[in-house]
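Residue-level listing of the chains:
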Amino acid sequence: METTNNKNPRLIPITQWGQHHSYPPLGQLRALAFNAKKNGFDSCIRRIGRRVLIDEAAYFAWVESQNCNS
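Residues numbered from 1 in each chain as written. Predicted model: local features only at pLDDT ≥ 70, side-chain atom pairs only at ≥ 80, totals over all residues. Heavy atoms only, no water.

S.K.: Could you clarify how one ought to interpret the pairing of strand β3 (residues 51-55) in this entry?
M.R.: Sheet faces and side chains relate simply in a regular strand, where the side chains alternate between the two faces. Summarising burial for β3: four of the five residues are buried, a large majority. As paired strands, strand β1 (residues 11-13) and β3 are joined by three bridges and run antiparallel to one another. Counterpart to I12 in the pairing with β3 is I54. The pairing of strand β2 (residues 45-48) with β3 spans four bridges and is antiparallel. The partner of I45 across the bridge, within β3, is I54. (Buried < 20%, exposed > 50% of the residue type's maximum accessible area, 1.4 Å probe, protein only. Helix = DSSP H or I, 4+ residues; strand = E, 2+ residues; numbered from the N terminus. Pairing = 2+ DSSP bridges.)

Structure follows, in C-alpha cells:
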C-alpha cells in the first residue's frame, strides 16, 4: 500500500524512516521531534504512547513551508 490519501495517511515510525527515505537521518529526525513545538514539526508527527510516527504527506508539506519561509 504505497498510496497516500487524506483518509489514510502513511504513518512511518521514526525509527523506520530510513527504510523509505534517505534524508533526513534518524538523529536529525529525533532532534526535530524533540523540539517539535518550537519548530512546527508537531504538525508532522503523531504520538501513540511512546511511539512517534511521521505523517509522510505532512512532512513534505512542512518541508515546503520551511523552504517558503527562508
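Past the structure itself, the notes keep going.
S.K.: What's the story with the pattern of salt bridges in this structure? I'm lost.
M.R.: Working definition: two side chains of opposite charge can pair if their charged atoms are close together. Taken as a whole, this structure holds two salt bridges when the rule is applied. Here E56 makes a salt bridge to R10, at a shortest N to O gap of 3.3 Å. On the criterion of sequence distance, the pair formed by E56 in helix α4 (residues 56-68) and R10 in the segment before β1 is long-range, its members being 46 residues apart. In this structure, E56 and R10 share a single accessibility class: buried. D55 is paired through a salt bridge with R46; the nearest N and O atoms lie 3.4 Å apart. (Salt bridge = Lys/Arg side-chain N within 4 Å of Asp/Glu carboxyl O.)

S.K.: Can you help me understand α4 in this one?
M.R.: An α-helical segment advances 3.6 residues per turn. Residues three or four places apart therefore align on the same side. Taking 1.5 Å of rise per residue, 13 residues should cover 18 Å, and α4 covers 19 Å from first to last C-alpha, within 8% of that figure. Within α4, the full set of buried residues consists of E56, A58, Y59 and W62. On an axial view of α4, the arc spanned by its buried residues comes to 160°, and they lie on one face. Of the residues in α4, the exposed ones pointing more than 90 degrees away from the buried face are N67 and C68. Along its buried surface, α4 packs onto β1, α1 (17-20), α2 (26-34), α3 (36-39) and β3. Its side-chain oxygen at 3.2 Å from the backbone nitrogen of A57, D55 defines the N-terminal cap of α4. (Expected span 1.5 Å × (residues − 1). Arc of directions from axis to C-beta. Contact = heavy atoms within 4.5 Å. Polar contact = N/O pair within 3.5 Å; in protein donor to acceptor, adjacent residues only side chain to side chain.)

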